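Listed below, chain by chain, are the residues.
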Amino acid sequence: MTSKINLKAVLSGFFAGFSFRQKVENDPNGDVHVIQMKDLEHNYSTIGVNLTKISSEIVSSKSFLRKGDVLLITKGANNYAVEYKLDFEKAIAASAFFVLRPDPRKVIPAYLAWYINQTPVQQHLKANLAGTYIPNLNKGAIEEIVITLPTIEEQELVVAIDSLRTREFELTTKLLEKRNVFTATLLMDIVNGKPKTI
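Presented here is a report on the structure given in the accompanying data block. (Residues numbered from 1 in each chain as written. Predicted model: local features only at pLDDT ≥ 70, side-chain atom pairs only at ≥ 80, totals over all residues. Heavy atoms only, no water.)

1. Quick word on the overall build of the protein
Helices and strands together make up the secondary structure of the protein, namely four helices and 11 strands. Against the compact-globule benchmark of 16 Å for 198 residues, the protein has a radius of gyration of 21 Å, which places it well outside the compact range. Dimensions of the protein, computed from the C-alpha atoms along their principal axes, are close to 65 × 50 × 35 Å. Taking all 198 residues of the protein together, 37% fall into the buried category. In the protein, of all internal contacts separated by at least 6 residues, the share reaching a separation of at least 24 is 74%. In the form shown here, the protein has an accessible surface area of approximately 12,400 Å², with 55% of it arising from carbon and sulfur atoms. (Helix = DSSP H or I, 4+ residues; strand = E, 2+ residues; numbered from the N terminus. Rg over C-alpha atoms; globule rule 2.2 N^0.38 Å. Buried < 20%, exposed > 50% of the residue type's maximum accessible area, 1.4 Å probe, protein only. Contact = heavy atoms within 4.5 Å. Areas by Shrake-Rupley, 256 points an atom, 1.4 Å probe, with all protein chains shown as cover.)

Here you go:
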C-alpha cells in the first residue's frame, strides 16, 4: 500500500555534516575519511574512494557515518542525494551535506536517495534555496519534503529497475562513443586515400 509521509517520519537520524574552520588538509596517518563535494562522481550518483583523511581527535564520533546513510547536497544548485555504501570504519560528511539516516523498517536507503532526486522533490528544494552567492538549503526546507512510500518490496523493485536503466544508459553511451571513434577513423582514412570496405 502506497502512502505519502513526511520525510522526518521515515528517518531515525538527521544531522548536518561536520563544519571545518579551515580548508581540509589530508593527514596520511588519519583514521577518519572525509566526504566532500569533490568526491562525488558519475553526476553526483556515487562517492569516490580516494578521500581526504583526518585524525579522529578533531571530530566527534556523533558525526560518523553508517552504511546506508543518505547524503543530501545542501550547498549550490545541485541538491542531489546519494547513498553512503563505503566500507570505511570511520567516515564523516563535510558541511556541504545533510546526513539522512533512514529507518530500515520504513524505507530503504537507495529508494530514499532515488526519490529525493526525482523532479517533484527537486523542484521543492530549488524553490527553497536561500542565498545569492552560494545558494543553500536549510533544515526546515528538507524536513518539509513529502515522500511517496510504497511497500519495502515495491521500493526494492523501483531501485532494481532504476539500476537497470542506469546500466543501460552507461552501455549505450559507451557504444555511441566507440561508434563515433570508428566513424571518425573511417572518414579520415577515406580523406587520406585509404578507403575501407564497410
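2. Section: the packing of aromatic side chains
For any pair of aromatic rings, geometry is given as the distance between the ring centres together with the angle between the planes. Counted by the stated rule, this structure contains six aromatic pairs. Taken together, a centroid distance of 5.6 Å and an interplanar angle of 35° make the contact between tyrosine 111 and tryptophan 114 tilted. A residue pair is termed a helical-turn pair when its members lie 3 or 4 positions apart in one helix, as tyrosine 111 and tryptophan 114 do in helix 1 (residues 109-116) at three residues. For tyrosine 111, a relative accessible area of 3% translates into the label buried. For tryptophan 114, a relative accessible area of 23% corresponds to the partly exposed category. An aromatic cluster of three or more residues is present, and its members are Tyr111, Trp114 and Tyr115. (Phe/Tyr/Trp six-rings, centres within 6.5 Å; stacked < 30°, edge-to-face > 60°.)

3. Description of unusual backbone geometry
Phi at histidine 42 takes a positive value of approximately 50°, unusual for a residue other than glycine. As for its position among the elements, histidine 42 is in the loop between strand 4 (40-41) and strand 5 (46-47). Judged by relative accessible area, which is 56%, histidine 42 ranks as exposed. A positive phi angle is found at tyrosine 44, which is not glycine, with a value near 70°.

4. Topic: the sheet that holds strand 6 (residues 52-54)
Strand order across the open sheet formed by three strands is 6-3-9, with mixed pairing between neighbours. Every other strand in the sheet has two partners, leaving strand 6 and strand 9 (91-93) as the edge strands with one partner each. Each neighbouring strand pair of the sheet contributes to a mean axis angle of 35°, computed without reference to strand direction. (Pairing = 2+ DSSP bridges. Axes fitted to C-alpha atoms, helices over the stretch in contact; angles between N-to-C directions.)

5. Some details on the environment of phenylalanine 64
Within the element layout of this structure, phenylalanine 64 appears in the loop between strand 6 and strand 7 (70-73). Sequence-wise, phenylalanine 64 and valine 32 are 32 residues apart; in three dimensions their C-alpha atoms are separated by 8.6 Å. Look past the residues within four positions of phenylalanine 64 in its chain and what remains in contact with it is Phe15, Val32, Val59, Lys90, Ala91, Ile92 and Arg101.

6. Notes on the nonpolar core
Leu7, Leu100, Leu112, Ile116, Ile142 and Ile147 are the most contacted members of the largest nonpolar core, which has 23 residues in total. The dominant element in this core, judged by the number of residues it contributes, is helix 1, at five residues. Excluding residues within four positions of it along the chain, isoleucine 142 makes contact with Leu7, Phe14, Leu72, Thr74, Phe98, Leu100 and Leu137. (Core = buried A, V, L, I, M, F, W, Y, C linked by side-chain atoms within 4.5 Å.)

7. A short note on the sheet that holds strand 2 (residues 11-16)
Across the sheet, which stays open at both edges, the four strands sit in the order 2-10-7-8 with antiparallel pairing between neighbours. Each edge of the open sheet is held by one strand with a lone partner, namely strand 2 and strand 8 (81-83). Taking each pair of neighbouring strands and ignoring which way they run, the sheet shows an average axis angle of 20°.

8. A word on the pattern of salt bridges
A full pass over the atoms with the stated rule returns six salt bridges. Between lysine 90 and aspartate 31 there is a salt bridge, with the nearest N and O atoms lying 3.4 Å from each other. On the criterion of sequence distance, the pair formed by lysine 90 in the loop between strand 8 and strand 9 and aspartate 31 in the loop between strand 2 and strand 3 (32-35) is long-range, its members being 59 residues apart. Given a relative accessible area of 32%, aspartate 31 falls into the partly exposed group. With its nearest N and O atoms 2.9 Å apart, the salt bridge here joins arginine 165 to aspartate 162. Pair noted here: arginine 165 and aspartate 162 are both in helix 4 (residues 152-191), with a separation of three residues, about one helical turn. (Salt bridge = Lys/Arg side-chain N within 4 Å of Asp/Glu carboxyl O.)

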